Amino acid sequence: MVSGAVTLPDSPALLKDFIVDLQAEVIALRERYDKDTGILHEQIRLLRAQLYGRKSEKFIPADGPQPLPLFDMPEPEGLDEDEGEKIHVPGHTRKKGGRKVLSDDLPRIEVVHDIDEKDKTCNCGCELTKIGEETSEQLDVIPAKVRVLRHIRFKYACPACEGVKDEGSTVKIAPVAPQIIPKSIASPGLLAHILTGKFVDHTPFYRQEKQLLRIGAEVSRTSMCRWAMQAAEACQPLLNLLHEEVLAGTFIQADETPLQVLQEPGRSPTQKSYIKVLKSIP
């Protein structure tokens, strides 16, 4: 670089050569500036596309414009490609993807497909002979079905004691089977279905109400909510045992999920409640 006019040569020929060299240096700097600026603008465009662009665009077509990688600075000029270290990546084989084999534990129903009887005769008049078969499998789902369980309790009476005053009862009836919710139309299977949909599949009661209605069962969301609370009360002894098991560990890990309860005793509907999942570490 020239620090002042004192260092400039006095010869016109040397001044012309100096100006030519200076112009060449300016052109080289301009090209380097334009190259670096283009890379920076491309990086900014990609960052804006990732922040504000469409998230559904997961890839760019191979025949389309290929963006420069982020923060990929230009290589120093004058570096010979042969001087760099070459790394050879060995080839590998990929496992060919295919259809997943259906489990052998699933029940099978055979659906036989046969040709018409008139097609079992060859054009020459000879009857065709079965030489084999081709088998393919499809996964089928049977939709949920609604049924009614009728509990029939037999009653017995003594004909000899009929009309005779006695302290004991002369009529006997089969006892009622234990139920989670006594005198309720909800069977254990229906309760398990509703509670699993609510707390495992996270399906609200109003959606389950529509699902049950589509298969022929009219159950209101109010009844489902009441059944859920009654089932929780029935499971309280089991919860007490689980609570004792949790407290028996060395330390406890907890996961609290916030939940809003509209009608909780002693609390406002605007206050947050929590579903606590506790895990005891022995």
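This section reports on the structure supplied with the text. (Residues numbered from 1 in each chain as written. Predicted model: local features only at pLDDT ≥ 70, side-chain atom pairs only at ≥ 80, totals over all residues. Heavy atoms only, no water.)

## Considerations on the overall build of the protein
Thinking step 1. In terms of helices and strands, the protein carries five helices and four strands.
Thinking step 2. For the protein, with 282 residues in total, the buried portion stands at 8%.
Thinking step 3. Nonlocal contacts in the protein, meaning residues at least 24 apart in sequence, comprise 39% of its contacts between residues at least 6 apart.
Thinking step 4. Carbon and sulfur atoms make up 57% of the accessible area of the protein, which amounts to about 26800 Å² in all. (Helix = DSSP H or I, 4+ residues; strand = E, 2+ residues; numbered from the N terminus. Buried < 20%, exposed > 50% of the residue type's maximum accessible area, 1.4 Å probe, protein only. Contact = heavy atoms within 4.5 Å. Areas by Shrake-Rupley, 256 points an atom, 1.4 Å probe, with all protein chains shown as cover.)

## Some words on the nonpolar core
Thinking step 1. Core analysis: the largest hydrophobic core is formed by 11 residues, namely Ile181, Ala186, Leu191, Ile194, Phe205, Leu212, Ala217, Val219, Met224, Trp227 and Ala228.
Thinking step 2. Contributing elements (two or more residues each) for this core: helix H2 (188-199), helix H3 (205-214) and helix H4 (221-234).
Thinking step 3. Among the elements that line this core, the one with the most residues is H4, at three residues. (Core = buried A, V, L, I, M, F, W, Y, C linked by side-chain atoms within 4.5 Å.)

## Some thoughts on the side chain of Thr203
Thinking step 1. Summarising the element assignment, Thr203 is placed in the loop between H2 and H3.
Thinking step 2. The buried category is assigned to Thr203, whose relative accessible area is 15%.
Thinking step 3. In this structure Thr203 touches Gly197, Lys198, Gln208 and Gln211, once residues within four positions along its chain are discounted.

## Here's the deal with the pattern of salt bridges
Thinking step 1. Counting across every chain of the model gives seven salt bridges.
Thinking step 2. Among the salt bridges present, the one from Arg32 reaches Asp36, with a minimum N-O distance of 3.5 Å. Of this pair, Arg32 and Asp36 both sit in helix H1 (residues 12-52), separated by four residues, roughly a single helical turn.
Thinking step 3. For Arg32, a relative accessible area of 35% gives the class partly exposed.
Thinking step 4. Among the charged side chains, a network of salt bridges with common partners joins Asp114, Glu117 and Lys120. (Salt bridge = Lys/Arg side-chain N within 4 Å of Asp/Glu carboxyl O.)

## A word on the packing of H4 against helix H5 (residues 236-247)
A pair of packed helices is characterised by two quantities: the angle between their axes and the separation of those axes.
Thinking step 1. Two elements in contact, H4 and H5, have axes separated by 5 Å at closest approach and are oriented at 55°. One finds that H4 runs oblique with respect to H5. Across from Ala232, Glu233 and Ala234 in H4, the residues of H5 making contact are Gln236, Pro237 and Leu239.
Thinking step 2. Tallied by class, residues from the contact of H4 with H5 come to four nonpolar, one polar and one charged. (Axes fitted to C-alpha atoms, helices over the stretch in contact; angles between N-to-C directions. Parallel < 35°, antiparallel > 145°, perpendicular 65-115°, else oblique. Nonpolar A, V, L, I, M, F, W, Y, C, P; charged D, E, K, R; others polar.)

## Brief notes about H1
Thinking step 1. Relative to the 60 Å expected for 41 residues at 1.5 Å per residue, H1 spans 59 Å between its end C-alpha atoms, a close match to the ideal helical length.
Thinking step 2. Every buried residue belonging to H1 is among Ile39, Gln43 and Leu46, and all of these are buried. (Expected span 1.5 Å × (residues − 1).)

## A short note on the environment of Lys155
Thinking step 1. Mapped onto the secondary structure, Lys155 falls in strand S1 (residues 155-157).
Thinking step 2. When the C-alpha atoms of Lys155 and Pro175 are compared, they prove to be 9.9 Å apart, with 20 residues separating the residues in sequence.

## Brief notes about the packing of aromatic side chains
Thinking step 1. Counted according to the given criterion, the structure contains zero aromatic pairs.
Thinking step 2. Here the guanidinium or amino end of Lys198 rests over the ring plane of Phe205, the centre of that ring lying 5.1 Å away. (Phe/Tyr/Trp six-rings, centres within 6.5 Å; stacked < 30°, edge-to-face > 60°. Lys NZ or Arg CZ within 6 Å of the ring centre and 35° of its normal.)

Interpretation note: all reported values are geometric properties and have no functional meaning in isolation.
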